[in-house]
Amino acid sequence: MALPRRHPYKIKMNFEITLPDWAISELEKLPTHIPKLEDRMREVIRFSRLNIEHETGGPFAAGVFEKESGRVVVIGVNRVVPANCSSAHAEIVTLSLAQKILGTWDLGGPDMPEYQFIVNGQPCAMCFGSIPWSGVRDVIVACSGEDVETLTGFDEGPVHPEWVAELEKRGISVTEGVLREEASSVFRDYASSGALVYNGRSGD
Ligand SMILES: [Zn+2]
């Protein structure tokens with residue numbers, strides 16, 4: 001798509017990512033607290049499936065919870081294609097919304113409960129980088145990056161080979177493989193639906 005000779009910058013120089021309406025009503029229906037880890041992951045996976053069923057983004061979802069109490073802060077979903085925004089991965093959307101909801105750029109700030117970040121697939125290179133910046137102290141992953149790449153064809157990018165150790169060095173604990181099979185089935189269904197796999201430069 002070609003730009004006009006000069007874009008009228010005065011008209012709109014902001015960007016926003018919003019959750020789809022269905023996600024907002026699902027969030028309103030959730031209990032305020034989800035005590036068990038598997039149940040938190042199950043909700044994140046359910047959102048990833050709903051995101052493809054509603055055709056509102058890719059098969060990815062993420063959630064921020066208070067680790068001890070299970071209080072739900074937010075569950076967000078991938079919005080890359082509908083928002084025309086390559087960085088609108090579920091992780092970036094969710095961490096950004098959690099920070100907005102909690103009124104802080106640092107989810108690991110003083111006098112705050114420990115925040116847990118739950119994702120249905122291993123964070124890509126960009127999202128891996130976003131985790132230490134976010135302040136979360138605990139990361140829970142369902143599928144591995146290899147699972148995601150094999151099942152869907154999405155390219156995870158140059159993730160650090162020691163990504164878990166790198167996060168743990170920074171005081172962030174990582175647990176992998178939680179409800180991996182349930183998460184895999186969403187990726188499998190996404191791939192077999194023939195839906196768009198939108199790697200940069202459309203996979204060139
Ligand atoms: Zn990502």
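Look up a bit, the structure's there.
Now for a description of the structure that goes with this document. Just so it is clear, the model here is predicted, and its values are computed rather than measured.

Cut-offs applied
- Residues numbered from 1 in each chain as written.
- Predicted model: local features only at pLDDT ≥ 70, side-chain atom pairs only at ≥ 80, totals over all residues.
- Heavy atoms only, no water.
- Donors = N, O, S within 2.8 Å, 3.2 Å for Na, K, Ca; no water.
- Buried < 20%, exposed > 50% of the residue type's maximum accessible area, 1.4 Å probe, protein only.
- Helix = DSSP H or I, 4+ residues; strand = E, 2+ residues; numbered from the N terminus.
- Pairing = 2+ DSSP bridges.
- Right-handed = clockwise from strand over helix to strand, strands pointing away.
- Axes fitted to C-alpha atoms, helices over the stretch in contact; angles between N-to-C directions.
- Parallel < 35°, antiparallel > 145°, perpendicular 65-115°, else oblique.
- Left-handed = near helix turned anticlockwise from the far one by under 90°.
- Contact = heavy atoms within 4.5 Å.
- Nonpolar A, V, L, I, M, F, W, Y, C, P; charged D, E, K, R; others polar.
- Phe/Tyr/Trp six-rings, centres within 6.5 Å; stacked < 30°, edge-to-face > 60°.
- Expected span 1.5 Å × (residues − 1).
- Arc of directions from axis to C-beta.

### Notes on the coordination of the zinc ion
On the protein side, the zinc ion has His89 (ND1), Cys124 (SG) and Cys127 (SG) as donor atoms, found 2.1 to 2.3 Å from it. Going along the chain, you hit the donors of the zinc ion in the pattern H-x34-C-x2-C. Judged by its relative accessible area of 8%, cysteine 124 is buried. On the basis of relative accessible area, cysteine 127 is assigned to the buried category, the value being 0%.

### So, the pairing of strand β4 (residues 138-143)
Within a regular strand, side chains alternate between the sheet's two faces. Most of β4 is tucked away: 6 of the 6 residues are buried. Note: strand β3 (residues 115-121) against β4, 5 bridges, orientation parallel. For valine 119, the partnering residue across the bridge sits in β4 and is valine 141. Running through helix α5 (residues 125-134), the crossover from β3 to the neighbouring parallel element β4 is right-handed. As paired strands, β4 and strand β5 (residues 173-175) are joined by 3 bridges and run parallel to one another. Looking at the pairing, valine 139 lines up with valine 174 of β5.

### Notes on the packing of helix α6 (residues 145-152) against helix α8 (residues 180-192)
In the contact formed by α6 and α8, the axes pass within 8 Å of each other and the chain directions differ by 30°. Classified by the angle between their axes, α6 and α8 sit roughly parallel to one another. Of the two elements, α6 crosses α8, and the hand of that crossing is right-handed. Residues Asp147, Val148, Leu151 and Thr152 of α6 touch α8, and the partners they reach there are Arg180, Ser184, Phe187, Arg188 and Ala191. Grouping the constituent residues of the contact of α6 with α8 by class yields 4 nonpolar, 2 polar and 3 charged.

### Topic: the pairing of β3
Here β3 lies mainly inside the structure; 7 of its 7 residues are buried. Pairing between strand β1 (residues 61-66) and β3: 5 bridges, direction antiparallel. Across the sheet, phenylalanine 65 pairs through a bridge with glutamine 116, a residue of β3.

### Observations concerning the packing of aromatic side chains
In this description, an aromatic ring pair is defined by two values, namely the gap between the centres and the angle between the planes. Summed over all chains, the structure comprises 4 aromatic pairs. Look at tryptophan 22 and phenylalanine 47: their rings are 5.6 Å apart centre to centre, the planes differ by 50°, and that puts the pair in the tilted class. In this pair, tryptophan 22 sits in helix α1 (residues 21-29) while phenylalanine 47 sits in helix α2 (residues 37-53), placing the two residues 25 residues apart along the sequence. Its relative accessible area of 10% is what places tryptophan 22 among the buried residues. Taking relative accessible area as the criterion, phenylalanine 47 reaches 0% and is therefore assigned buried. An angle of 25° between the planes, with centres 6.0 Å apart, marks the rings of phenylalanine 154 and tyrosine 190 as stacked. Linking phenylalanine 154 in the loop between α6 and α7 (163-169) with tyrosine 190 in helix α8, this pair joins segments that are 36 residues apart in sequence.

### Quick notes on α8
In a regular helix each residue adds 1.5 Å, so 13 residues correspond to 18 Å; α8 covers 18 Å between its end C-alpha atoms and thus fits that length. Taken residue by residue, α8 has Ala183, Ser184, Val186, Phe187 and Tyr190 as its buried positions. Taken around the axis of α8, the buried residues stretch over an arc of 155°, which confines them to a single face. Exposed positions of α8 whose direction lies more than 90 degrees from the buried face are Glu181 and Ser192. Close packing links the buried residues of α8 with α2, β3, β4 and α6. Looking one or two places after α8, you find glycine 194, whose phi comes out positive at around 75°.

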